[in-house]
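# Topology and contacts: notes
Listed below are the residues making up each chain.
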Amino acid sequence: MSVTTGLSATGAERLSRAAAVRAPLRLARASVRMLSLPLVRTFRSAYGRSAGRKRLIVLRLEDADGTAGWGEAPIAERPLYGADTAESTWSALTDLLLPPLLGRPFGAPAEVAATWAPIIGQQYAKNAIETAVWALASARLGVPLAGLWGGVRDVVPVGESFPICDTTGALLDEVGARLGEGFGRVKLKIAPGWDVAPARAVREAFGDVPLSVDANCGYAPGYAAAGAPWAALDELGLVMIEQPLAGDALLDLAELQARLRTPLCLDETAASVNLTRTALALGSGQVVNIKPPRLGGILPAIAVHDLCAGQQVPVWCGGMLETGIGRGFNLALAALPGFTLHSDMSPARMFYAHDLVEPTFDIRPDGGIAVPDRAGNGFPVVPERVADATIRSWESDGRD
């Protein structure tokens, strides 16, 4: 990957180099848009059912010379996966985090992120700003994002996530269709009452396909203390069991992991660098799902990557129903060397009637998605599509 020339750092050095990327910026204008996008499918997990429309927030930052960068906050309507919601993220962006940045000079994206170091939470808002600033820096330097962060691959192997279905037959039909498109890993959403049977059916129908399950914190620590469903799932040769218990149940996760051969994957638990470090030290899991919006930006995501790489813990990049704006950052991040497992990078067509970028991206016959090689936002944003979906807007040049 030619853009990584001179940036082949590893571990903490990789993070320090990303943080030190110099791209003089003066943020002259910010535009925040809340969007409502129609969903083309119902997706059911342990958190419930998503259908109809999804609200999300996009951010456009403009430098003094007119260069622009976009970021995305793929927030949820209710504080189930995390504490952030559409309304709290909107308030954090427009009242708390953005106004102090406008009109100020910054030498690097890390300097922007440092302005909110004392502020706890507001992870999606922080991620939206930091990613937009990275897009600005990338555009100014003429280097794709993966090159700035130390990426080593130009194609990311991807898998697909499958919802809880009404019948096992419906699930098998959908899995077969996605495998036919090239997706290389199957991840099943599970919950009490929908776990061992569908996983076993997929294993029997599709043989040795890489298979994992994701519980989304849906099981209480004492659930099935006699062993099921964990003992039965442990016999299926799964790649991982993702977040079977609550994110903060570190000791219970460690106890469960000690009973299983199958690695537990930390998702909701991996909410910060320190929590991830603690969970790994306790033995609460053996794989980590990295999501920049959950962690509050690219720099903490790289820090978790480097932490795991130093301990030889596999990582992969999870999805949060992002549009092509957010997926561009995820793909660039997943080009880093520690991302050795299939990432969740479903094309936007799987969820939305249309993407906010053009051209958008899709899976290749070899089961991968190309890492964007365009500087700035990896995929060109279509402002008209953003405008058409806007239900609320806020703009400021710092003089309001």
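## A few points about the packing of aromatic side chains
Counting across every chain of the model gives three aromatic pairs. With centroids separated by 5.7 Å and ring planes inclined at 90°, the aromatic side chains of Trp134 and Trp149 adopt a geometry described as edge-to-face. One end of the pair, Trp134, is in helix α4 (residues 123-141); the other, Trp149, is in helix α5 (residues 145-149), and 15 residues separate them in sequence. The class for Trp134 is buried, based on a relative accessible area of 0%. Residue classification places Trp149 among the buried residues on the basis of a relative accessible area of 1%. Centre to centre, the rings of Phe361 and Phe379 are 5.3 Å apart; their planes meet at 20°, and the pair counts as stacked. With Phe361 in the loop between β14 (343-344) and β15 (368-370) and Phe379 in the loop between β15 and α14 (383-389), this pair connects stretches of sequence that are 18 residues apart. Summarising the burial analysis for this pair, Phe361 and Phe379 share the class buried. Its guanidinium or amino end placed over the ring of Trp316, Arg185 lies 5.4 Å from that ring's centre, counting from NZ or CZ. In this arrangement the basic side chain of Arg392 is found over the ring face of Trp90, its NZ or CZ atom lying 5.1 Å from the centre.

## A word on the pattern of salt bridges
Evaluation of the coordinates by the stated rule reveals 24 salt bridges. Close ionic contact of Arg140 with Asp65 constitutes a salt bridge, the shortest N to O distance being 3.7 Å. Here Arg140, found in helix α4, pairs with Asp65, found in the loop between β4 (53-63) and β5 (68-73); they are 75 residues apart in sequence, far enough to count as distant. Salt bridges here are not isolated pairs; linked through shared partners, they connect Arg185, Lys187, Lys189, Asp214, Glu242 and Asp344.

## A few points about the packing of α4 against helix α12 (residues 298-310)
At a minimum axis separation of 9 Å, α4 and α12 run at an interaxial angle of 90°. The pairing of α4 with α12 is recorded here as roughly perpendicular in orientation. Residues Asn127, Glu130, Thr131 and Trp134 of α4 form the contact with α12, whose participating residues are Ile298, Leu299 and Pro300. Across the contact of α4 with α12, the residue classes tally to four nonpolar, two polar and one charged.

## As for the nonpolar core
As a rule of thumb, nonpolar side chains are buried together in soluble globular proteins. Among the nonpolar cores identified, the biggest contains 119 residues, and Leu61, Ile129, Trp149, Leu233 and Val288 are the most heavily contacted of them. Broken down by element, the residue count for this core peaks at nine residues, all from α4.

Basis of the calculations
- Residues numbered from 1 in each chain as written.
- Predicted model: local features only at pLDDT ≥ 70, side-chain atom pairs only at ≥ 80, totals over all residues.
- Heavy atoms only, no water.
- Phe/Tyr/Trp six-rings, centres within 6.5 Å; stacked < 30°, edge-to-face > 60°.
- Helix = DSSP H or I, 4+ residues; strand = E, 2+ residues; numbered from the N terminus.
- Buried < 20%, exposed > 50% of the residue type's maximum accessible area, 1.4 Å probe, protein only.
- Lys NZ or Arg CZ within 6 Å of the ring centre and 35° of its normal.
- Salt bridge = Lys/Arg side-chain N within 4 Å of Asp/Glu carboxyl O.
- Axes fitted to C-alpha atoms, helices over the stretch in contact; angles between N-to-C directions.
- Parallel < 35°, antiparallel > 145°, perpendicular 65-115°, else oblique.
- Contact = heavy atoms within 4.5 Å.
- Nonpolar A, V, L, I, M, F, W, Y, C, P; charged D, E, K, R; others polar.
- Core = buried A, V, L, I, M, F, W, Y, C linked by side-chain atoms within 4.5 Å.

Bear in mind that shape data such as this cannot, by itself, settle questions of function.
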